[in-house]
Amino acid sequence: MKHLTPHIQLATILVVLTLGLWQSADFQQIAAGIALFLLGMTMLEDGFKAMGGGLLERLLAHSTGSLPRAMGFGIAATTVTQSSSLVSVIAISFLSAGLITLQAGIGIIFGANLGTTTGAWLMAGVGLRVDIAGYAMPLLALGAVLMFQRGAGLRGAGRVLVGIGLVFLGIAFIKDGFDAISARFDLTALALTGVLGLLVYTLIGATATVVMQSSHATMLLVITALSAGQISYDNALAVAIGANMGTTVTALIGASQANYQGKRLALGHLIFNGLTAVAALALIVPLRVLVDLISDLAGIGAQDFALRLAVFHTLFNLLGLGLMVPQMPRLLRFLERRIAAPSPAVSRPRHIQADLGDFPATLLQALRAELRHLYENGAALCAEAINLRLADLVQSGDLPLTVARNRDAIGLDLDRRYNDKVKALHAAIIDFAASKSSLPLPDSAARRLQELRDGANAVVRAVKAIKHLQRNTRRFTERDHGAVSTLYDSLRTEIASILVAIQTLEATEPAQRSSLWIAEERRALRKGADEVNARLETLLRARRISAADATSFLNDAHNAQEAMNALLDAAEALYRDPDDTVAEIERLLTPEDDTEEQPVP
Amino acid sequence: MAFGKFRDAMDRHLKRLRKGEAHKIKPADLDKMITKLEKRRQDLLAEAQAKPQKAERITHKQAALDEMLANARSLRARLEPAADDPDSGA
């Protein structure tokens, strides 16, 4: 039944639409106008994504330090792109990826709600006053030329122009459709007054927004109908309130696939719009008086209901902000309590989600953050498998001493911990990378995606290799076996050095670090292995170690090398420079292996 | 890195560049990397003095760093004419 519901909804919409199209030429015109408008909005959104080249994401990362800045970003981005859904999707992506806080995400959504009211101003102030279809034609022609160019930026600009053209054309179609209806019918005969009118038209506004997936389209319809005298002013105010409510349904549907942070944001959005709507409905009479007062002061004509509706739309969204911003700490506490973070016992993906969208920069940032999450789990496991704790190693000023002092067994069920902390997370990363590799990513992004996926495989390789040496390492460290124990301590110290070096890289400012530092570690690792082998030879010759123990140690040293190299592979993927050109230089200078040849003179 | 390996890496980079899969390296990009490597060298020297017990390990790291630095400088020298000639260089 659950699966049938969307099909039933679609079938109902199609039947109603077909009947309307069959019955009325005016309905055909309005429906075509809505279709063009929605198509235009979609193209506008796609165009901004392609044209921005990650600009919105970069701005977002730097503009969300405080609540006013996050709200400012939401207002500005929605005003420019005229798409609150695009801004909301990016906010959810960043929040899910752990790149912004919940407060910043909610600030952006609040700002986007206010930014979306500029659409009503544009429609009422410009869309209905000039021959907007006349402007659509050159935009469509110019946009079509750009859309077929090679550069992604030009193609994006073309989509933006065609999108605006289609939006203009849609507005003109809807306007003409309502003008034609006005000549024959008076839809205001269907007007409802009083509380019933408020509730029914609020519901109509919400339903129309859910069906069309766009509050802009609902606002366009109501402003055009109002301008053509086909809806009463009071009922139009209620539709505007309903349109705000309708957008939250779309967000809730979208958040059903999001992680707990995305769900918190969607619930915050619902609470904000719900309370705003309730307040606007409760205060409709004083709000209307205030709208009239502001409109009179601004010189908006007494009969210019379309512009007065735009004033109302902005005013009640401001009312919502005035009510909710002071309650932000309480709202955050409620959301965090209501939707708890998942239990840490089993690691789940924190940053990669199916609804991350297809912005290359966001995808890669999220995937890198998830790889770091997997690496942290894997590194902790590698340390504990040899009776060491990562936190002790990072704080140590003398690693050999710390290693020698930490000999007691750590109760670690490596298989269970591997399943809980590594396996599922690794599978999620591989699945995510595979699903995103089919996107038309730029070459550099596709290459980075592959590197990060290889990094995740490397973490698994490291844990599996450590598992092989766990038994002997414990045997020879928990009790003193003389020279063999010393050899195993040197192995543990090498592994500890690699783990600490990678932790140090993480703690270093990104501008000061390079993945080339990993190549240094590899060199030190190889030289360290040579020295351990030489020491083993000496011990064997002096008969201070049995041949059986020496063979075991050689096998374990091989596994340790494999684990350390795998850890370094993962680190190389993690700390590759985000700038494509610098990353290329790093790849070029990264040694493939150590040889005795001399460097370039 | 040994010269032969570095030359192979360069060949692969040039191939990717011709296919449009790699970014063109400008002298300024390389200058920044050389500065970073030199700073790293200073840091390693300071660390070797501060932690004598790690001196041996740091010596190996310095050796790898010196090779990367030499290769970076060599690449920078090759790119020198590219400042005036947009068609040359890596």
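Up top is the structure.
Residues numbered from 1 in each chain as written. Chains lettered and ligands numbered in written order. Predicted model: local features only at pLDDT ≥ 70, side-chain atom pairs only at ≥ 80, totals over all residues. Heavy atoms only, no water.

Peer 1: Is there a simple way to explain the pattern of salt bridges in this structure?
Peer 2: Side chains carrying opposite charge are able to pair once their charged atoms draw close together. All names here are of chain B. Summed over the entire model, instances satisfying the criterion amount to 31 salt bridges over all chains. Residues Asp31 and Arg76 are paired through a salt bridge, measuring 2.6 Å at the closest nitrogen-oxygen approach. Taken as a pair, Asp31 in helix H2 (residues 27-50) and Arg76 in helix H3 (residues 55-79) lie far apart in primary sequence, 45 residues in all. The salt bridge partner of Glu47 is Lys54, with a shortest N-O separation of 2.9 Å. (Salt bridge = Lys/Arg side-chain N within 4 Å of Asp/Glu carboxyl O. Helix = DSSP H or I, 4+ residues; strand = E, 2+ residues; numbered from the N terminus.)

Peer 1: Sorry, what's going on with a nonpolar patch on the surface here?
Peer 2: Residue and element names in this part refer to chain A. There is a patch of nonpolar side chains on the surface, built from Leu10, Leu14, Leu17, Leu21 and Phe27 and spanning about 390 Å² of accessible area. Following the sequence through the fold, Leu10 ends up in helix H1 (residues 4-23). Leu10 gets classed as partly exposed once you look at its relative accessible area, which sits at 49%. (Patch = residues over 30% accessible without salt bridge, like charges linked within 9 Å, V, L, I, M, F, W, Y side chains within 5 Å. Areas by Shrake-Rupley, 256 points an atom, 1.4 Å probe, with all protein chains shown as cover. Buried < 20%, exposed > 50% of the residue type's maximum accessible area, 1.4 Å probe, protein only.)

Peer 1: Could you clarify how one ought to interpret the nonpolar core in this entry?
Peer 2: The nonpolar side chains of a soluble globular protein tend to be buried, and buried together. The biggest cluster of nonpolar side chains holds 97 residues, and the ones touching the most others in it are Tyr375, Leu393 and Leu499 of chain A together with Leu37 of chain B. Residue contacts for Leu499 of chain A: discarding those within four places in its chain leaves Tyr375, Ala379, Ala383, Leu390, Leu393 and Leu567 of chain A. In terms of nonpolar packing, the next biggest core, distinct from the first, is built from 58 residues, Ala133, Ile174, Ala280 and Ala310 of chain A among them. (Core = buried A, V, L, I, M, F, W, Y, C linked by side-chain atoms within 4.5 Å. Contact = heavy atoms within 4.5 Å.)

Peer 1: When you look at the packing of helix H23 (residues 516-541) of chain A against H2 of chain B in this model, what are you seeing that I'm missing?
Peer 2: For any two helices packed against each other, the geometry comes down to the angle between their axes and how far apart the axes lie. Across the interface, H23 of chain A lies against H2 of chain B with an axial gap of 11 Å and an inter-helix angle of 45°. With respect to each other, H23 of chain A and H2 of chain B are oriented oblique. The two elements H23 of chain A and H2 of chain B meet at a crossing, and its hand is right-handed. Side by side, H23 of chain A and H2 of chain B meet where Leu516, Trp517 and Glu520 of chain A of the first sit next to Met33, Lys36, Leu37, Arg40 and Leu44 of chain B of the second. Residue composition of the contact of H23 of chain A with H2 of chain B, grouped by class: five nonpolar, no polar and three charged. (Axes fitted to C-alpha atoms, helices over the stretch in contact; angles between N-to-C directions. Parallel < 35°, antiparallel > 145°, perpendicular 65-115°, else oblique. Left-handed = near helix turned anticlockwise from the far one by under 90°. Nonpolar A, V, L, I, M, F, W, Y, C, P; charged D, E, K, R; others polar.)

Peer 1: Explain unusual backbone geometry to me, please; I cannot follow it from the model alone.
Peer 2: A negative phi holds for most residues other than glycine; trans holds for most peptide bonds. Residue and element names in this part refer to chain A. Unlike most non-glycine residues, Asn387 shows phi in positive territory, near 60°. Mapped onto the elements of the fold, Asn387 is located in the loop between helix H17 (360-385) and helix H18 (390-395). For Asn387, a relative accessible area of 2% gives the class buried. Unlike most non-glycine residues, Arg543 shows phi in positive territory, near 55°. One can find Arg543 in the loop between H23 and helix H24 (547-575). Residue class for Arg543 comes out exposed when judged on its relative accessible area of 74%.

Everything listed here is a matter of geometry and, on its own, says nothing about what the molecule does.
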